[in-house]
Amino acid sequence: MPSIISLIQNENMKIYRRISTWFMIGLLALATLAGALITKATHKEQQNWKAGVASEIQTLKEQLSDEKLPKMYKNHLEQQLKINEYRLEHDIRPVPSNSFWGYMVNSADMIQLITLFTIIVAAGSIASEFSWGTIKLLLIRPASRSKILLSKYAATLLFAFCMLLLLLMFSSIISAIVFGIDHIRTPYLAYQNGNVVETNMLFHVIRVYGLNCATLVMMTTFAFMISAIFRNSSLAIGLAIFLMFVGTEVTALLAMKFKWAKYLLFANTDLLRYIDGVPLVKGMTMSFSILMLFVYFIVFNSFTWLIFRKRDIAA
Amino acid sequence: MKPLLQLKNVRKDIGKKTIIHDLSLEVFAGEVFGFLGPNGAGKTTTIRMIVGLMGMTSGEVLINGISIKKDFEKAIQHVGAIVENPEMYKFLTGYQNLLHYARMAKGVTKERIDEVVKLVGLEKRIHDKVKTYSLGMRQRLGLAQALLHKPSLLILDEPTNGLDPAGIREIRDYLRKLAKQEGLAVIVSSHLLSEMEMMCDRFAIIQHGRLVGIESVQELSKQAQKVLITVEPVEQALSIIKRAYSSINMKPTNQGIEVSIDYEEIPRLNAMLVSEHVKVYGIQTMTKSLEERFLEMTGGNEIA
């Protein structure tokens, strides 16, 4: 029986020996560079950051004086207020987007691009074997279908992980070259248990990356499932991308009217809102969302597994 | 002798339609066994069930006595196969394709890969991408991946498809050698009768998903068959034959006389003609008999 490691090795060979994969990596580097150059060209330098923060504090105070403000939103504003006051007190400049850390944090938006690429890889992983006809030779080896499926899934997630590392690498190099590393020691101001604390900026960047991955993992798993059910990679890619872009909007609309919207997948994928934002539906917490994501994760994977294991291969 | 492959009442329903009806047969080590049947008869479906690509509705497939349904991983490790066309990863080289399958089997070394590459005669092109291969070369690569792990049961679906006459002959000789010298059980499928006759020891005729019969090529060739005799003078020969075999079926043609006669009777007929001073230029068995037998058994070439 082959070990799962050699099966993953095989899947990796099938991912990285293809030109399209290297095209994706090139595109990611290019997008990161373009993002940095656009930021540099369009960003307006703020002359006096202290005045800016002071006026922000003023606005926050005005908003907070409103009695009808929902409690959740009020908490969020109070946190913002405390952090801004801390800034003035300790002379800590907010991180502008045209700085090393500013662009690093913003580069997390590129994870959407990685999600797109990973969806393509995931969808192709199963469906292509069917369309190439290679599935027949793949499944007549002394490896159970479950094991082969697991190796494909693992190789896909490994690809996503590599892309994330590459993004981190690309953006730090490009950011350092384009914006310089003058303010590299700036701390990140976090709000913990009623106090403002200074934390490591790199830690913050990695956390932002990590929290952005919820959509990545869920949509990849979804594409994987569709490709196992319909054996059609275009359908899997199309459906996953369509859902990714429309799902968030539709869920937001539904959440305004219905409480049950909190059980929808896309109500839970944006974990970042629990750190510096407001929950979509009142009462939602980070642990609730993680639990929901876990449930969806199990459901998607079970479907994939049940179908792939039992299917007659007639391709 | 213990059969290497056993099919016991294998049945396959798709929806309400029964594709394969209670198929039972046995294949032994050391023989080349053929699946013969018109297109759509169920040859490929049967092969898919043997290698576990399709589930069975009922019945059992045993490879080396191990059930493919209950213990897939153990049963399949002694099987090498090509199912339909030998489809490979076109963006990989031939060698990378073999490496891929080598990683999925037990104890296939780099030396073994090289050995198999040499065996199928792909040394020169093995490091080229498969998309540059001709159909014949893909067929060879397909054979290589099936042989990598030294299987005891080799299953080849239409193995000579796309090969040139020299290649067909090479494969045929090689398969016979594998069966006779290495003691493999080889299963080939084809709709070409002449090919079956040259390659197989026994073959099963499948039609409409049913086993019509199992024939041994040797026995079949000993049954009554058509012989073309080239003689001179024709008139004299005709009367001699008529005298010796009263109820014989014969017909003078441009090439000579076509006679339907038992295999054992051919030397006697020859001796008789020679002793009567008829000049015998040639006696040729016409392979048509197998084809006729096939048509007789399957009742024409209709698709279910």
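Residues numbered from 1 in each chain as written. Chains lettered and ligands numbered in written order. Predicted model: local features only at pLDDT ≥ 70, side-chain atom pairs only at ≥ 80, totals over all residues. Heavy atoms only, no water.

**Student:** Explain the sheet that holds strand β13 (residues 257-261) of chain B here, please?
**Tutor:** Hydrogen bonds along the backbone pair up the strands of a sheet, which may run parallel or antiparallel. Residue and element names in this part refer to chain B. The strand order across the open sheet built from four strands is β12-β13-β11-β14, with neighbouring strands paired in antiparallel fashion. Each edge of the open sheet carries a strand with a single partner, namely β12 (249-252) and β14 (279-285). Across the sheet, the mean angle from the axis of one strand to that of its neighbour is 20°, orientation sign disregarded. Strand direction decides the pairing type here: strand β11 (residues 225-232) and β14, joined by six bridges, are antiparallel. Bridge pairing links T230 to G282 in β14. (Pairing = 2+ DSSP bridges. Helix = DSSP H or I, 4+ residues; strand = E, 2+ residues; numbered from the N terminus. Axes fitted to C-alpha atoms, helices over the stretch in contact; angles between N-to-C directions.)

**Student:** Which parts of the structure should I look at to understand helix α9 (residues 201-230) of chain A?
**Tutor:** Since one α-helical turn is 3.6 residues long, residues separated by three or four positions face the same way. Residue and element names in this part refer to chain A. A rise of 1.5 Å per residue sets the reference length of α9, with its 30 residues, at 44 Å; its end C-alpha atoms lie 44 Å apart and thus fit the reference within 8%. The largest bend along α9 measures about 30° and falls at C213. The element α9 is extensively covered by neighbouring structure, given that 21 of its 30 residues are classed as buried. Its side-chain oxygen placed 2.7 Å from the backbone nitrogen of L202, N200 serves as the N-cap of α9. Remark: R231 follows α9 within two positions and exhibits a positive phi of approximately 55°. (Expected span 1.5 Å × (residues − 1). Bend = angle between axes of the 7 residues up to and from the residue. Buried < 20%, exposed > 50% of the residue type's maximum accessible area, 1.4 Å probe, protein only. Polar contact = N/O pair within 3.5 Å; in protein donor to acceptor, adjacent residues only side chain to side chain.)

**Student:** Would you explain the packing of helix α9 (residues 234-244) of chain B against helix α10 (residues 266-275) of chain B in this entry?
**Tutor:** To describe two helices that pack against each other, one gives the angle between their axes and the distance between the axes. Residue and element names in this part refer to chain B. α10 packs onto α9 with a crossing angle of 130° between their chain directions and a minimal axis gap of 10 Å. What the angle tells us is that α9 and α10 run oblique. Viewed along their axes, α9 and α10 form a crossing whose handedness is right-handed. In this structure, α9 contributes A237, I240, I241 and A244 to the contact, and α10 contributes L269, M272 and L273. Of the residues assigned to the contact of α9 with α10, the class counts are seven nonpolar, no polar and no charged. (Parallel < 35°, antiparallel > 145°, perpendicular 65-115°, else oblique. Left-handed = near helix turned anticlockwise from the far one by under 90°. Contact = heavy atoms within 4.5 Å. Nonpolar A, V, L, I, M, F, W, Y, C, P; charged D, E, K, R; others polar.)

**Student:** Sorry if this is basic, but what is going on with the packing of helix α8 (residues 145-179) of chain A against helix α12 (residues 286-310) of chain A here?
**Tutor:** All names here are of chain A. One can describe the packing of α8 onto α12 by two numbers: an axis separation of 9 Å at closest approach and a directional angle of 135°. On the basis of their axis angle, the class for α8 and α12 is oblique. As α8 runs across α12, the sense of the crossing is right-handed. On α12, the residues touching R145, S146, L149 and Y153 of α8 are F297, N301, T304, W305, F308, R309 and K310. Within the contact of α8 with α12, the residues separate by chemical class into five nonpolar, three polar and three charged.

**Student:** Would you mind going over the domain arrangement of chain A with me for this structure?
**Tutor:** Frequently, the measure chosen for interface size is the accessible area removed from exposure when the parts meet. All names here are of chain A. Domain boundaries assigned for chain A yield domain 1 (4-43 + 97-184 + 199-310) and domain 2 (45-95). Using only C-alpha atoms to locate each centre, domain 1 and domain 2 end up separated by 33 Å. In this assembly, 15 residues from domain 1 lie in contact with seven residues from domain 2. Of the roughly 730 Å² buried between domain 1 and domain 2, counting both surfaces, carbon and sulfur atoms make up 64%. The interface formed by domain 1 and domain 2 includes zero salt bridges. The interface formed by domain 1 and domain 2 holds zero residue pairs in polar contact (both at pLDDT 80 or more) in total. Listed by contribution, the elements that provide at least two residues to the side of domain 1 that touches domain 2 are α5 (100-106) and α11 (273-276). Along the lines of polarity and charge, the residues of the side of domain 1 that touches domain 2 split into five nonpolar, eight polar and two charged. (Domains from an automatic or database assignment. Buried area = accessible area lost by both parts, 1.4 Å probe. Salt bridge = Lys/Arg side-chain N within 4 Å of Asp/Glu carboxyl O.)

**Student:** How do you make sense of a nonpolar patch on the surface when you look at a structure like this?
**Tutor:** Taken together, the side chains of F242, F245, V246 and V250 of chain A make up a nonpolar region of the molecular surface, amounting to roughly 350 Å² of accessible area. As for its placement among the helices and strands, V246 of chain A is situated in helix α10 (residues 233-257). (Patch = residues over 30% accessible without salt bridge, like charges linked within 9 Å, V, L, I, M, F, W, Y side chains within 5 Å. Areas by Shrake-Rupley, 256 points an atom, 1.4 Å probe, with all protein chains shown as cover.)

**Student:** Explain the packing of aromatic side chains here, please?
**Tutor:** Overall, the coordinates contain 13 aromatic pairs over all chains when judged by the stated rule. When the ring of Y16 of chain A is compared with that of F159 of chain A, the centres are 6.4 Å apart and the planes differ by 45°; the resulting orientation is tilted. Here F159 of chain A lies in helix α8 and Y16 of chain A lies in helix α1 (residues 4-16), a separation of 143 residues in the sequence. Residues Y103 of chain A and F179 of chain A carry aromatic rings whose centres are separated by 5.6 Å and whose planes lie at 50° to one another, so their mutual orientation is tilted. You can see Y103 of chain A sitting in helix α5 and its partner F179 of chain A sitting in helix α8, a full 76 residues away along the chain. We classify F179 of chain A as buried; its relative accessible area is 13%. Ring pairs connect the aromatic residues W132 of chain A together with Y89 and F91 of chain B, which therefore count as one cluster. Note that R231 of chain A overlies the ring of F130 of chain A, its terminal NZ or CZ placed 5.7 Å from the centroid. One cation-aromatic arrangement involves K262 of chain A over F288 of chain A; the distance from NZ or CZ to the ring centre is 5.4 Å. (Phe/Tyr/Trp six-rings, centres within 6.5 Å; stacked < 30°, edge-to-face > 60°. Lys NZ or Arg CZ within 6 Å of the ring centre and 35° of its normal.)

**Student:** Sorry if this is basic, but what is going on with the UniProt feature "transmembrane region" (unreviewed entry) in chain A here?
**Tutor:** All names here are of chain A. Look at the UniProt record and you will see "transmembrane region" (unreviewed entry) annotated at residues 21-39, 110-132, 153-181, 201-224, 236-256 and 288-308. In the segment residues 153-181, helix accounts for 93% and strand for 0%; the C-alpha atoms at its two ends are 38 Å apart. As a span, residues 201-224 carries 100% helix and 0% strand, and end to end its C-alpha atoms are 34 Å apart. (UniProt positions renumbered as here; feature names shortened; annotations may be inferred.)

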